[in-house]
Amino acid sequence: MFRSVLLPLDGSSFAEEALPLAAWIARDSEADLHLVHVIRPAPDVDFKTPEEDLAWRTRVREAASAALGERVARLRRDGVLARAEVREGKVADTLLESAREHGSDLVVLTTHGAGGFRRWWLGSVADSLLRKGDLPLLLVRPWDDTEDRAEAEPRFQRVLVPLDGSPESEAVLPHARWLRERQGAQVTLIRVVPSPLEVGTLYGIPSVRLERESHRTQREQALAYLKDVAGKLGPEASGPVPELRVVEASSAAEGILDAARSLQAELVALSTLGRSGLGRTVVGSVADKVIRGAAVPV
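The paragraphs below set out a description of the structure included in this document. Computed from a predicted structure; not experimentally measured.

**Thoughts on the pattern of salt bridges**
Phase 1: Here the structure, examined in full by the defined rule, presents 18 salt bridges.
Phase 2: For Arg57, the salt bridge identified is with Glu88, shortest N-O distance 3.0 Å. Of the two residues, Arg57 sits in helix 2 (residues 50–77) while Glu88 sits in strand 3 (residues 81–88), which places them 31 residues apart along the sequence.
Phase 3: What makes Arg57 buried here is its relative accessible area of 19%.
Phase 4: Across the pair Glu266 and Arg158 runs a salt bridge, and its minimum N-O distance is 3.4 Å. Placement of the pair is Glu266 in the loop between helix 7 (252–262) and strand 11 (267–268) and Arg158 in strand 6 (residues 158–162), with a sequence separation of 108 residues.
Phase 5: With relative accessibility at 23%, the residue Glu266 sits in the partly exposed group.
Phase 6: If you follow the salt bridges from partner to partner, you end up with Glu85, Arg87, Glu97 and Glu101 in one network.

This is how it looks when you write it as structure tokens:
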């Protein structure tokens, strides 16, 4: 499925939360794993001379190279084809340049690192990669207590795949198929339809659900669409039979997040471009809200 996996690391323990997952994917795919640290410009540091600036960059490069070297050695002992490199420049642009050079077809990273919690919990680097790049991203939300968590082999046994009826939303299906075939993951395909209007009244009288024939037709069409898409995941012998869910909600993002919680999904796999019609430079509004609101990797 993957030939080259890119893992950005910034020296923080939060960034390394993605390391076990990236290593697992690389090992299972027999892919190269590239650990990349980017020395970014330090605008808040007032170096008095060019020599001081050079000395600072040299220290950072040496420290990062040593740290990545240790991790690469450990990964290689575990059978991962790992490599490391230290670069300089604007972080997102430099990472995309590295990904192009290595032919990377997946980037795995935590949703925030040394920069802390910015823009809710989505880190600025992940945000930039989503908006500038065209590579699949696997975004991992770090644990609150990194040092207290015992490392375990990551697995995705319950995968939620939201679809909106467009070919663009189905671009994620090969990834879901890979998880189903290689890991035996239970894949749940969902489509969110608008929920019927509920009219509430005062004095504790229950609300009235105004459901029209059009709502029932929407649900039936959504289920028929999911049944058709399920066939694209391969024969039954390739893994568990996909589950199909039509979810009613006031918004697509709300329905997806509610379904992820109720199904105890371990991964949400979705395209960042669907019926919204937004260009590559702008993350689709639904995907944006799901990425920010999900408690599991996306």
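Once you've had a look at it, read on.
**So, the packing of helix 7 against helix 8 (residues 285–293)**
Phase 1: Running from N to C, helix 7 and helix 8 cross one another at 35 degrees; their axes reach a closest spacing of 9 Å. Between helix 7 and helix 8 the crossing geometry is right-handed. Together, Ala252, Ala253, Ile256 and Leu257 of helix 7 and Val286, Lys289, Val290 and Gly293 of helix 8 make up the contact between the two elements.
Phase 2: Looking at side-chain class alone, the contact of helix 7 with helix 8 contains 6 nonpolar, 1 polar and 1 charged residues.

**Let's talk about the pairing of strand 5 (residues 137–140)**
Phase 1: Residues Leu137 and Leu139 line one face of strand 5 and the alternating positions Leu138 and Val140 line the opposite face, and both faces are buried.
Phase 2: Of the strand pairs in this sheet, strand 4 (residues 106–110) and strand 5 are connected by 4 bridges, and their pairing is parallel. Residue pairing across strands places Leu109 opposite Leu139, the latter belonging to strand 5.

**Overview of the side chain of Gln183**
Phase 1: Mapping Gln183 onto the fold places it in helix 5 (residues 173–183).
Phase 2: Look at Gln183 and you get buried, because its relative accessible area is 13%.
Phase 3: One polar contact links Gln183 to Asp28, side chain to side chain, over a distance of 3.2 Å.
Phase 4: Gln183 has contacts with Trp24, Asp28, Arg155, Gln157 and Trp178, leaving out every residue within four places of it along the chain.

Cut-offs and rules
- Residues numbered from 1 in each chain as written.
- Predicted model: local features only at pLDDT ≥ 70, side-chain atom pairs only at ≥ 80, totals over all residues.
- Heavy atoms only, no water.
- Salt bridge = Lys/Arg side-chain N within 4 Å of Asp/Glu carboxyl O.
- Helix = DSSP H or I, 4+ residues; strand = E, 2+ residues; numbered from the N terminus.
- Buried < 20%, exposed > 50% of the residue type's maximum accessible area, 1.4 Å probe, protein only.
- Axes fitted to C-alpha atoms, helices over the stretch in contact; angles between N-to-C directions.
- Left-handed = near helix turned anticlockwise from the far one by under 90°.
- Contact = heavy atoms within 4.5 Å.
- Nonpolar A, V, L, I, M, F, W, Y, C, P; charged D, E, K, R; others polar.
- Pairing = 2+ DSSP bridges.
- Polar contact = N/O pair within 3.5 Å; in protein donor to acceptor, adjacent residues only side chain to side chain.

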